[in-house]
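Reading the structure
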Amino acid sequence: MEILWWLVPSLVVTCVAMLWVGWLGREGRGEVDREVALQRLARELSRDRPTPARPEARQRDRSTGIAVRQARGAQPPGRPTRRVS
């Protein structure tokens, strides 16, 4: 039990900080008049917003899950074959 005495200072500081923040935060925001809040909401909802452009969905090939490699002898047309010596 004696080994845990080093935790006491940090526990006291934490509790004091929580009480201090709780005391300061109790009046921090204030109340907004309901009518003013409704007017702000109506103004923001009536404003026109541009719609983001969506890219066209492209057709994807159906994957079979099998990797297919080109044959070794197949070369793209118009390209001369080279031999390595």
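Above: the structure in question.
Parameters at a glance
Think of each chain on its own: its residues are numbered from 1, step by step along the sequence as written. The predicted origin of the model limits local features to residues at a pLDDT of at least 70 and limits the giving and counting of side-chain atom pairs to 80 or more, whereas totals for whole chains, interfaces and linings rest on all residues. As a rule here, side-chain values come from all non-hydrogen atoms in the structure, and water together with hydrogens is ignored. Put simply, DSSP H or I for four residues or longer makes a helix, DSSP E for two residues or longer makes a strand, and each gets a number counted from the N terminus. Partly exposed describes any residue whose relative accessible area lies between the buried limit of under 20% and the exposed limit of over 50%, with all areas from a 1.4 Å probe on protein chains only and scaled to the type maximum. Here the Shrake-Rupley method, with its probe set to 1.4 Å, supplies the accessible areas, and only the displayed protein chains count as covering residues. Counted as salt bridges are all cases of a side-chain nitrogen of Lys or Arg within 4 Å of a carboxyl oxygen of Asp or Glu. The length a helix should cover is 1.5 Å for every residue beyond the first.

What to know about the overall build of the protein chain
Regarding its fold elements, the protein chain presents two helices and zero strands. Here the protein chain holds 85 residues, and 0% of them are scored as buried. For the protein chain, the computed accessible surface area is about 10,100 Å², with 57% contributed by carbon and sulfur atoms.

Side note on the pattern of salt bridges
All told, the structure shown has two salt bridges when counted by the stated rule. Taking the shortest distance from any N to any O, the salt bridge between Glu44 and Arg47 comes out at 3.0 Å. For Arg47, a relative accessible area of 48% gives the class partly exposed. Glu44 is paired through a salt bridge with Arg49; the nearest N and O atoms lie 3.5 Å apart. Among the charged side chains, a salt-bridge network with shared partners connects Glu44, Arg47 and Arg49.

As for helix α1 (residues 7-25)
The first and last C-alpha atoms of α1 sit 27 Å apart over 19 residues, in line with the 27 Å expected at 1.5 Å per residue. Where burial is concerned, little of α1 is hidden: zero out of the 19 residues are buried.

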